[in-house]
Amino acid sequence: MAEDLKNKARELLRARQVDLVIGYKRASDGIAAAPCFIDIEGDADKLIWDAYCVYNLSVYLKDFRGKKIGIIAKACDVKSIIVLLQENQLKREDLFIIGVECPGVIDEKRLCFSDRQYQEVDRAIKCRPCASAVPLLYDWLLKEKEKMGKVSEDHDKYDSVRKLEAKSLAERLKFWEGEFSRCIRCYACRQVCPMCYCPKCVADQAMPAWFPKATGDKGNFSWNVTRAIHLAGRCIDCGECERACPVGIPLRDINKKIEKDVKELFNYEAGLNAERKPLLSCFDKTDPADFIR
Amino acid sequence: MKDWEPKIVGFLCNWCSYAGADLAGTLRIEYPPNIKIIRVPCSGRVNPLFVLKCLMDGADGVLISGCHIGDCHYSEGNFYARRRFAILKRFFEYLGIDPRRFQMSWVSASEGDKWAKLIKVLVEEIKQAGPNKLGGRKDG
């Protein structure tokens, strides 16, 4: 299976169909995966594909604008590519999407704390309600040899969001202020996010300074809220921000809340159709207005 | 604390609501002075960051006001605003921010009366919500 992948990468590079293949290689610990960038045929041997390939590689696409890129992408990664296409951040003709059938990736955080093998380690929480093993968009598909029989577990995707919604206003504020108080403002959530491509982030801006740059109640709260609203109708829930967060803020519970609201209010889901206009770049005359006096 | 008066920031569109508020003055309708008005070209100009910054930096409430749907000077600015702030409104509530602190209203240039009534109600509601303690403020 991995052989098919390597052959395809070799073929693409040999035919000069792409300048670069973005994929996964084995990390130096011999277990985990690491992103790799392959621009000569001989290096294609490094490529791997298994459940350790947790990263969403589409975050690197913005670094290679104007080049022909081959990218290995899971179903969720392809969704983020679709959003980037919707927002004119990429040209479809510059991309060769090597889709991979994905039975769900491992839960990296839990693996770090145990020495169990993959078979025993659970799938990442984000993968459990996901039923889309095959990417929505690809130029070539690497098929899973043995059918892993990916079934979305009977798992309410918005379970944790609903639990929070059921709490009182004061409890929710206390909860989020507590979570945000741990934020060290490393911006790992931003760096790892394929949707965060602004050349100058509002968090780094000095004129005007939207919120304090130092850690503290005000700045931490503002940063986390800002990050979330900038992802409204764009986040495809690849879960990379939560994975990258060193202090374990449940960022997916924020992203999913907005995702849920957007679905309820506008019947819109991010990352499904590259032809459709982005949510906040259009409107509908029948949009909900019950909150306006 | 009993002398506490809420501070409300109002983002008013230049074409309708600002003129509406102006009309309330011209008509000599009395309403509470708790609102600080910031004139913007259109309700579509308002960035969610404006609202966030106000609430973080000491405002007890924020109002966004613009032309009625269909009356926008730029035809569709308020449609975009409506979409954006429908999401923000629900999101703020999820974070535990009192929904009374963030409000939106359409006020036309002829609705000086509506404007004065709106501010009276708004000030009353925000008084009930109490001082905003977001952003680590301990005082009122």
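Residues numbered from 1 in each chain as written. Chains lettered and ligands numbered in written order. Predicted model: local features only at pLDDT ≥ 70, side-chain atom pairs only at ≥ 80, totals over all residues.

1. Topic: helix H3 (residues 77–95) of chain B
All names here are of chain B.
No. 1: Here H3 spans 27 Å end to end across 19 residues, near enough to the 27 Å set by a 1.5 Å rise per residue.
No. 2: Burial analysis of H3 places 16 of its 19 residues in the buried class, the great majority of the element.
No. 3: Note on H3: the residue one or two positions beyond its end, Gly-96, has a positive phi of about 95°. (Helix = DSSP H or I, 4+ residues; strand = E, 2+ residues; numbered from the N terminus. Expected span 1.5 Å × (residues − 1). Buried ≥ 20, exposed ≤ 12 C-beta atoms within 10 Å, placed from the backbone.)

2. Some points on the nonpolar core
No. 1: With 122 residues, the main nonpolar core has Ile71(A), Ile72(A), Ala73(A), Leu55(B), Val62(B) and Phe91(B) as its most contacted residues.
No. 2: Here the element with the most residues in this core is H3(B); it accounts for 10 residues.
No. 3: Not counting residues within four places of it along the chain, the set of residues in contact with Val62(B) comprises Val9(B), Val51(B), Cys54(B), Leu55(B), Arg101(B) and Phe102(B). (Core = buried A, V, L, I, M, F, W, Y, C linked by C-beta atoms within 7 Å. Contact = placed C-beta atoms within 7 Å.)

3. Things to note about the interface of chain B and chain A
Size of an interface: often given as the accessible area lost when the parts come together.
No. 1: With 30 residues of chain B at the contact, the number on the chain A side is 33 residues.
No. 2: Per element, the largest residue contribution to the side of chain B that touches chain A is 13 residues, and it comes from H3(B).

4. Side note on the packing of helix H7 (residues 217–229) of chain A against helix H2 (residues 48–56) of chain B
No. 1: Packing of H7(A) against H2(B) brings their axes to within 11 Å, and their N-to-C directions diverge by 160°. With respect to each other, H7(A) and H2(B) are oriented roughly antiparallel. For the element pair H7(A) and H2(B), the recorded crossing hand is right-handed. Taking contact as the criterion, the partners of Lys218(A), Phe221(A), Ser222(A), Val225(A), Thr226(A) and Ile229(A) in H7(A) are, on H2(B), Pro48(B), Leu49(B), Leu52(B) and Met56(B). (Axes fitted to C-alpha atoms, helices over the stretch in contact; angles between N-to-C directions. Parallel < 35°, antiparallel > 145°, perpendicular 65-115°, else oblique. Left-handed = near helix turned anticlockwise from the far one by under 90°.)

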